[in-house]
Amino acid sequence: MAKTASERQAAYRARPDQYRLSLYINGEARAALTALARHRGCSQREVIESLIVAEKNALVSAMDIDDLARFYEQVTR
């Protein structure tokens, strides 16, 4: 039997490792996001996720062990 809309929504919200992000961006950023997604052939969500993770990786690659500890301490609070 097919799931109801509320059942599908509940399953969507219950997915582990998925978080909702709601924000406003300016027109230039929106145009860039749209162009990047179209160019890469992926969703805007995938573009945002890859940019965030790439920036984090670039940042932590230059950190020493003490900076890393402080960085991840702030993230896990």
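Going by the structure above, here's the rest.
The following refers to the structure shown. (Residues numbered from 1 in each chain as written. Predicted model: local features only at pLDDT ≥ 70, side-chain atom pairs only at ≥ 80, totals over all residues. Heavy atoms only, no water.)

**Examining the pattern of salt bridges**
Using the criterion set out here, one finds two salt bridges in the structure. With a closest N to O distance of 2.4 Å, R70 and D67 form a salt bridge. Of this pair, R70 and D67 are both found in helix 4 (residues 65-75), three residues apart, which corresponds to roughly one turn of the helix. Among the residues examined, D67 registers a relative accessible area of 30% and is labelled partly exposed. (Salt bridge = Lys/Arg side-chain N within 4 Å of Asp/Glu carboxyl O. Helix = DSSP H or I, 4+ residues; strand = E, 2+ residues; numbered from the N terminus. Buried < 20%, exposed > 50% of the residue type's maximum accessible area, 1.4 Å probe, protein only.)

**Examining the environment of S22**
With respect to the element layout, S22 can be found in the loop between helix 1 (5-13) and helix 2 (27-40). Its relative accessible area of 66% is what places S22 among the exposed residues. When the C-alpha positions of S22 and K3 are compared, they lie 26 Å apart, and in sequence the two are 19 residues distant.

**Focus on a nonpolar patch on the surface**
A cluster of nonpolar side chains, namely L21, L23, I25, I48 and I52, defines an oily patch on the protein surface of about 480 Å² accessible area. Secondary-structure assignment places I52 in helix 3 (residues 44-61). (Patch = residues over 30% accessible without salt bridge, like charges linked within 9 Å, V, L, I, M, F, W, Y side chains within 5 Å. Areas by Shrake-Rupley, 256 points an atom, 1.4 Å probe, with all protein chains shown as cover.)

**Details of the packing of helix 2 against helix 3**
At a minimum axis separation of 8 Å, helix 2 and helix 3 run at an interaxial angle of 100 degrees. In terms of their interaxial angle, helix 2 and helix 3 are classed as roughly perpendicular. Between helix 2 and helix 3, the contacting residues are L33, T34, L36, A37 and R40 on the first element and Q44, V47, I48, S50 and L51 on the second. Each residue belonging to the contact of helix 2 with helix 3 can be placed in one class, and the counts come to six nonpolar, three polar and one charged. (Axes fitted to C-alpha atoms, helices over the stretch in contact; angles between N-to-C directions. Parallel < 35°, antiparallel > 145°, perpendicular 65-115°, else oblique. Contact = heavy atoms within 4.5 Å. Nonpolar A, V, L, I, M, F, W, Y, C, P; charged D, E, K, R; others polar.)

**Some details on helix 2**
For helix 2, which comprises 14 residues, the first-to-last C-alpha distance of 20 Å matches the rise-based estimate of 20 Å (1.5 Å per residue) to within 8%. N-cap assignment for helix 2: the residue whose side-chain oxygen lies 3.2 Å from the backbone N of E28 is N26. Note on helix 2: the residue one or two positions beyond its end, G41, has a positive phi of about 70 degrees. (Expected span 1.5 Å × (residues − 1). Polar contact = N/O pair within 3.5 Å; in protein donor to acceptor, adjacent residues only side chain to side chain.)

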